[in-house]
Every structure is written in C-alpha cells, then in structure tokens.
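# A structural walkthrough
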Amino acid sequence: MSRLNEKEPIRNTFKAPLYNMIFTRYFLRVFLIALFCTSASVVYSEDGYRLWMRYDKITTVAVAKKYQSLATSVLLEKESATFVIAQKELQLALQGLLQTTIPVTKTIQPGAIVLGTASSSSIISSLGISEKLKALGKEGFVIFSVVIKNKPCTVIAANHDIGVLYGTFHFIRLLQTQQSIEKLSVVSKPAIGHRLLNHWDNLDRTVERGYAGFSLWDWHKLPDYIDPRYIAYARANASIGINGTVLTNVNANAQVLTVPYLKKVAALANVFRPYGIKVYLTARFSAPVEIGGLTTADPLDSAVQAWWKKKVDEIYTYIPDFGGFLVKANSEGQPGPQNYDRNHADGANVLAKALAPHNGIVMWRAFVYSNEVPEDRAKQAYNEFKPLDGTFEKNVLVQVKNGPIDFQPREPFHPLFGAMPKTPLMMEFQLTQEYLGFATHLVYLAPLFKECLDADTYAKGKGSTVSRVIDGSLENHTLTGIAGVANIGNDRNWTGHPFAQANWYALGRLAWNPSLSSETIAEEWIRATFSNNENVVSTLKNVMLASREVTVRYMTPLGLHHIMGWNHHYGPGPWIKDKPRADWTSVYYHQADSLGIGFNRTATGSKALLQYTPEVQKIYSTPADCPEEYLLWFNHVGWNHRMKSGRTLWDELCHHYYAGADSVQWIQQQWDSIHNHIDEERYQQVKALLAIQYQEAIWWRNACVLYFQTFSKRDIPTGLPKPDQSLDYYQSLEFPFAPGIKPKW
Ligand code: BDP
C-alpha cells in the first residue's frame, strides 16, 4: 500500500454477506453508477499521510492556466536513478495540481522543463552557466526561465543529480504556493552541510520520547521487505533538503552494529541513496566489549582501536556511503571514555580515525552532566568540552543541544556556541515535543529554532550569531551540521499531531537556509498542507506563529524551566523533589522560596552566566535589565519585584499562566473559524486535540499557580478565576498511560 501520494477513498462499510447475491449485485450496480456519475466530487480521506506533498488541484483558474502553458513537458536527456525520481515527481505534481499528464521528451517544446547537469544534458551545457554552477557545490541548483530555439523553457540545473532533485522540489514548491514561474532566476545552495534527522528509535521499535506510534524501521521484515513508507519518508526528506538520518536511539544498542542488522541497514541505505540521504548509526561506546568480546572499551587500548577500525571497514562493505556515528557517551548512564579515565576527545577520536578513510564522520554529543558533580547542570557541558577545543579529529562534529539544560520550551542559547572556535559545532534541536505537550499540543517550533539561531554570541563581536557558528562561516569550518530529534513514527499521519508535520518541515527548510523567517516557512507549509485560501493562510499563520509563546506561558513563563512531571515528563510537576538525582527534580531548577523564585546564575549565584561573552552577560545579569522571558532562568527574583507591566512578579507570573491558557481558547476559535475550508477528517482531529490542549493548559496553569502560591503566600490577582481543584488533587494525579511509562503488569 501507500505511496505518499495515494488517495484513499473512504471505505464503505456496507456488509454484502447480509444480503442475497441478486440483491447485492443490484445494489452494487446502482452504487457504481452513482459513484461514476458523481466521480467529480468523490470524497477522499485526508488523513495527513501525504504531508506537504498533496498536489491537489489548483482551483484558481487563472493560475492553473498560466502554469499549463509554462509547464508542458519534462526534458530529460539522460537518465539516472535520481533524475528519474525528479522527473516522476514533477509529473506527479503537475498531474495533481493541473490535472495534466505531461510527457517526458528529449526535444524542446514550448513550456519544457529541462532537468539535468552540464554533463547529462547537451542543452544545459550549451547555456553558458558553468560559472554560475561552480559556486553551488554538490547540492545547490539554479532554476531560470530562458528561451531556447525560440521556445520559452524553464531550466533546473545543478552540478550533481541530487541538486537537480532539490531544484525540482523547489520548483514544485513554487507551484504549490502559487507563485509566478515566469522570469524565474533562482540560485540556491544549502548553508549547512549535514542536515539530519536523529531517530531515537529502539531496536524493539519503541521510540524514546516518541509520540507518533512505533518506529518506521521494521527490523523483522528488513532487508527483504521494503515498506513503501521508506520511500515516502525519503521523498519527504528530500523535498526539504534533509540529507541524512541517524536510524537509532542515542541510548544505543550495540546489536545494530552486528552483521544481521547491518544487512537491514544496508537495505534502507539503498532506498535512501537516490534521494541524497545517507544513513548513520548510534555507536554504543562499550560495543567492543558487548559484541566484540574484548575486556575493555578503553579508547587508548590498541585492541579497541583495531576493533573499531575492523568494525567500520565491515560496515562500509555493506553500506559504501555510510555516513558515520552519533554518540552519547558518559551521559545519563551511557558508557563512555571517562569510564577509563579518558576524555571525550579520546573517545571521539578513536571512532573518527576508523571512519576517516571512508569519509565518515563522528557526531559526538555534548549533552553531558552528572549529579555527582556539585555544579549547576547548565554549566557542565561547557566545563567539560571547552578545554578540549582543538583536540578533536578533523571529521568530528560536537553536537550541542540548542540550550544548556534540555529542550525546554524556552532556553537561552547554549554557552558552547561561540566558545569552541577550533571545533565544528553541530546544532541539535528536538522536533518531538518531549517538553512541549507531546503530540497533543499544537506548537510550531520554528520560532524556537530561530530564537536560538539568531541569538548573538558576540564571540567575534556583534553579529556572531549561533547560526554563523553552525554554518561554519564564523570560524571558516567546512564541516557543518544540524540535526532534529525526529517526531516521526508509524502513525498514519507520521507525526501524531497534524501540525507537528510543520516542525519536521521547518527543520529541513532552516537547515537549508537558516535566514528564512518562521513566517515564510509557516506560509509555505500551510499552502502546501492545507490550502491557498488567503483566509486560511493568514488565520493559521497567526496561530502557528503565536503557538510556541502561548505554550511557554501556560507551562514555563518568565524563564522557568524543567518543572514537568517526573520521568515521563507529562504535565506539570513543579513539586518534584527528593529523587535519586537532584538534577532531575523541579525544585532544583525553580528554587522558589518565601522570598522569591528563579535560579541565580549570575556572578552572585552559580556563575553560569559567566560562561557567555561579556556582551551577553550584560544583557542578563540584573533582574532590572534582564529580558523578562529569561528573568527566572538567570535570576532569583523577589515576589514583589516590579515588572515592566507595573505588576509585581507574582501577579505577572499568574497573568502569564492565565493568558497562556486563555490563548488556547483563542486558537480553538481560530480553528473553528476556518472549518469550511478544511477537510472534515483533519478538522475534527485537530479540534479534538485542541480540546485536550486546552484542558492540559488549564491543568498546567492551576497546578503551577497553586504550587508557587505556597511560597509567595499571595492571592491570585483579582479578576482571574480561582482553580477549581486543590494542589493536593494535582499532586495526587498519576499517569499510567503516559507515553514512555513501562506498564507495571
Ligand atoms: C532527554 C530525554 C532522554 C534522552 C536525553 C538525551 O529525556 O530520553 O535520552 O534527553 O538527549 O531530553 O540523550
């Protein structure tokens, strides 16, 4: 079943066996005639499977007409696996958007779309664009309108086949968003080299922090059965420029490096290759012991080094273009070089040396902290990694989460950005909404990503943005990368919440071009995924752009963080304390007491702020100056502190919680207002999810306000309704069904 584009008619539940054959046949005939007569209005189920690649008919006649004259045929002189994918995609898109079957030709017709590289196409090589192409690298492309032999054409050209596929998807995006394709002159190449999804998928197909079903990778049926979904996945990624996928969880299982698994991984790599996607695996640091029979995994031990080299050579016999390893070491119980008194660079380098002859890379995670270290958790990664700057092999990227704690609804940028000039740093964002309402809350994450990418580190003066650290331009690094922890599972709509698809989409688009605005990306996605109707576009754009801030308000306003439920991270849990690790409790982070609330990370507190440049320190160092959205991240502030609004901190905190929850109602109203323009299936699904989101927003609000009130000893400001349940009630709730909970039975 199931190509990305297939349309599935809603099934008729009529039960034939209940009727005798004649009666059934009669009915069937009548039904078929009726269906035939109304075929123009056949209803298709809109279950979200097609993502942003729906290619439904353009109903604006003038636009469709224009496109019809400018996109009449595909001209492909030479075939390759990737070119054929591009050609078929274009035909599929035009078939859907214009309801026209366009031919593939080798001669120029008016309105031809010419696909190829200078070496695959005599036409393209004769256009004198070699200078233009030179600057585009392996993945860039040009799209331009040109007259060839008196015939107006559109050329999509690149240096390599994959650039042509990316250009084709760009061209299709222009059609989907109904932009002009006359006088085109597009030049585009990715800002960042490695644009990856990180799947936290376990080999038993559960997904760590996954809220959209089980893993896509069907290890049982691989390598012989290629689920069409793998192809659909590759198409979707290629359409947004994602060029790599780490298949397995960072909390790794060494088994994936054994031959039976490698054969399965190779089958996936074969599917993904023509779409420009490389596969990567997570490497468990103790693999030499667990699957290699050695007694140590010490990276300086020659037998260990030889084992990794042999293992890597073996991997490449199965997957000749294997991308490399992602490693979580000495973090949250994972083994690592420190088990042998070695440092992270020692650990990364043993893998890097094994991979280097094959052009593979290591992505070594900086997400490390230990509750045995008597130090603010926010400081620990910097303390460990900064001294190692310059000691990593050339094919190592240090992968850093966007913020110093852990994917919270809002965090300042990680202090390592800008602090390790000699080491290429890779960005790790989280698409799966571990801390943002799972797959039940509508939260568009591009504004969160942008906030980090656009933040100024001042590492080399003004304008040293995080984005320039990771695109390599700040320190002239050519090895560059960005990853998103995937929110994809085997749910029919891929991501659980229909709007969570936008976060996958946004990651790809920003990885290609970090300077795109959240608004532009939202608009593209809405037009391709829902509708080009201007009312729909502007309504949904407003909702999406506001949604992250709304969530911050009802969960963790004013710089609060890490106050969610214990372990499963579901719902509020600001009261969490007395657990085996202090740095996994909430009281560690909010530090509320009778005087005030917040974590003093300034020079008078944990000094975490001093890990940033002086310019950045200046922004956050006093409660009076600190931007209010980070106030309680960096400062412990008195309950009576006067906020910019004129309210006290306590009143402001309450107002934020209430405004956040109220705003979900606003989102509900907005969604209802475009009901007529949305297919019923997705309309109802989102509506139901918004109702849950609203309940949960109220839950967050009430639980947090009541809990913090036990410290502030102040009333909830007049005008705001009192919570209808007690704090005891909220604290007594248990969640045996929360995703990730291991059932007790
Ligand atoms: C935390 C998750 C945990 C991950 C860890 C990581 O709760 O499941 O294993 O991050 O990134 O956010 O390694």
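Residues numbered from 1 in each chain as written. Predicted model: local features only at pLDDT ≥ 70, side-chain atom pairs only at ≥ 80, totals over all residues. Heavy atoms only, no water.

### Quick notes on the nonpolar core
Within soluble globular proteins, side chains that are nonpolar generally end up buried alongside one another. Counting 234 residues, the largest nonpolar core has Phe 272, Trp 308, Phe 325, Trp 504 and Phe 708 as the members making the most contacts within it. Among the elements that line this core, the one with the most residues is helix α22 (residues 680-712), at 13 residues. In this structure Trp 308 touches Leu 257, Ala 283, Arg 284, Phe 285, Ala 287, Pro 288, Phe 325, Val 350, Leu 351 and Ala 354, once residues within four positions along its chain are discounted. Counting 16 residues, the second-largest nonpolar core is a separate cluster that includes Ala 112, Ile 123, Leu 133 and Cys 153. (Core = buried A, V, L, I, M, F, W, Y, C linked by side-chain atoms within 4.5 Å. Buried < 20%, exposed > 50% of the residue type's maximum accessible area, 1.4 Å probe, protein only. Helix = DSSP H or I, 4+ residues; strand = E, 2+ residues; numbered from the N terminus. Contact = heavy atoms within 4.5 Å.)

### A word on the site of the ligand
Every one of the 14 residues lining the ligand counts as a neighbour, but Glu 208, Lys 328, Arg 365, Asp 406 and Glu 434 are closest to it. One of the side-chain nitrogen or oxygen atoms of Glu 208 is found 2.3 Å away from an oxygen atom of the ligand. Contact distances for the ligand include 2.6 Å between an oxygen atom and a side-chain N or O atom of Arg 365. When the ligand sits alone it has 320 Å² of accessible area, and the protein chains cover 96% of it. Among the residues making up the shell around the ligand, the classes are represented as 4 nonpolar, 2 polar and 8 charged. (Near = heavy atom within 4 Å. Polar contact = N/O pair within 3.5 Å; in protein donor to acceptor, adjacent residues only side chain to side chain. Areas by Shrake-Rupley, 256 points an atom, 1.4 Å probe, with all protein chains shown as cover. Nonpolar A, V, L, I, M, F, W, Y, C, P; charged D, E, K, R; others polar.)

### Things to note about the packing of aromatic side chains
According to the stated counting rule, one finds 43 aromatic pairs in the structure shown. Measuring from centroid to centroid gives 5.8 Å for Trp 525 and Phe 530, while their planes differ by 80°, and the two rings are edge-to-face. Exposure remark for Trp 525: the relative accessible area of 0% places this residue in the buried category. Judged by centre distance (5.9 Å) and plane angle (75°), the ring pair of Phe 530 and Trp 671 falls under edge-to-face. Taken together, the residues Phe 530 in the loop between α16 (518-529) and α17 (534-555) and Trp 671 in helix α21 (residues 649-673) connect sequence positions 141 residues apart. For the pair Phe 530 and Trp 671, a shared accessibility class is recorded, and that class is buried. (Phe/Tyr/Trp six-rings, centres within 6.5 Å; stacked < 30°, edge-to-face > 60°.)

### Describing the domain arrangement of the protein
Along its sequence, the protein is organised into domain 1 (25-188), domain 2 (194-516) and domain 3 (553-599 + 636-732). Between domain 2 and domain 3, the residue contacts involve 25 residues of the former and 26 residues of the latter. Roughly 2100 Å² is buried in total at the junction of domain 2 and domain 3, and carbon and sulfur atoms are behind 57% of that figure. Interface area lost by domain 2 to domain 3 is led by Asn 371, Thr 440 and His 441, which between them contribute 23%. Connecting domain 2 to domain 3 are 0 salt bridges. Summed over the shared surface of domain 2 and domain 3, the result is 12 residue pairs in polar contact (both at pLDDT 80 or more). Grouping the constituent residues of the side of domain 2 that touches domain 3 by class yields 10 nonpolar, 9 polar and 6 charged. (Domains from an automatic or database assignment. Buried area = accessible area lost by both parts, 1.4 Å probe. Salt bridge = Lys/Arg side-chain N within 4 Å of Asp/Glu carboxyl O.)

### Topic: the pairing of strand β6 (residues 141-148)
In terms of residue burial, β6 counts as a mostly covered element, since 6 of its 8 residues are buried. Judged from the 4 bridges that link them, β6 and strand β8 (residues 185-188) form a sheet pairing that is antiparallel. Paired with Val 142 across the strands is Val 187, a residue of β8. Where β6 meets strand β7 (residues 151-158), 7 bridges bridge the pair, whose relative direction is antiparallel. Bridge pairing in β7 places Ile 143 opposite Ile 156. Between β6 and β7, which pair antiparallel and follow one another directly, the connecting turn spans 2 residues, one of which, Lys 149, has a positive phi of 50°. (Pairing = 2+ DSSP bridges.)

### Some remarks on the environment of Gly 137
Positionally, Gly 137 belongs in the loop between α5 (130-134) and β6. Look at Gly 137 and you get partly exposed, because its relative accessible area is 36%. Apart from residues no more than four positions distant in its own chain, Gly 137 is found in contact with Asn 159 and His 160.

### Observations regarding the UniProt feature "active site" (unreviewed entry) in the protein
Mapped onto this numbering, the UniProt entry annotates "active site" (unreviewed entry) at Glu 332, Asp 406 and Glu 434. For the largest cavity, the lining residues drawn from the annotated set are Glu 434. What makes Asp 406 buried here is its relative accessible area of 5%. Discounting residues that sit within four places of it in the chain, Asp 406 has contacts with Phe 367, Arg 377, Lys 401, Glu 411 and Tyr 435. (UniProt positions renumbered as here; feature names shortened; annotations may be inferred. 1 Å grid on protein atoms, 1.4 Å probe; cavity = no way out; pocket = protein on both sides within 12 Å on 5 of 7 lines; lining within 4 Å.)

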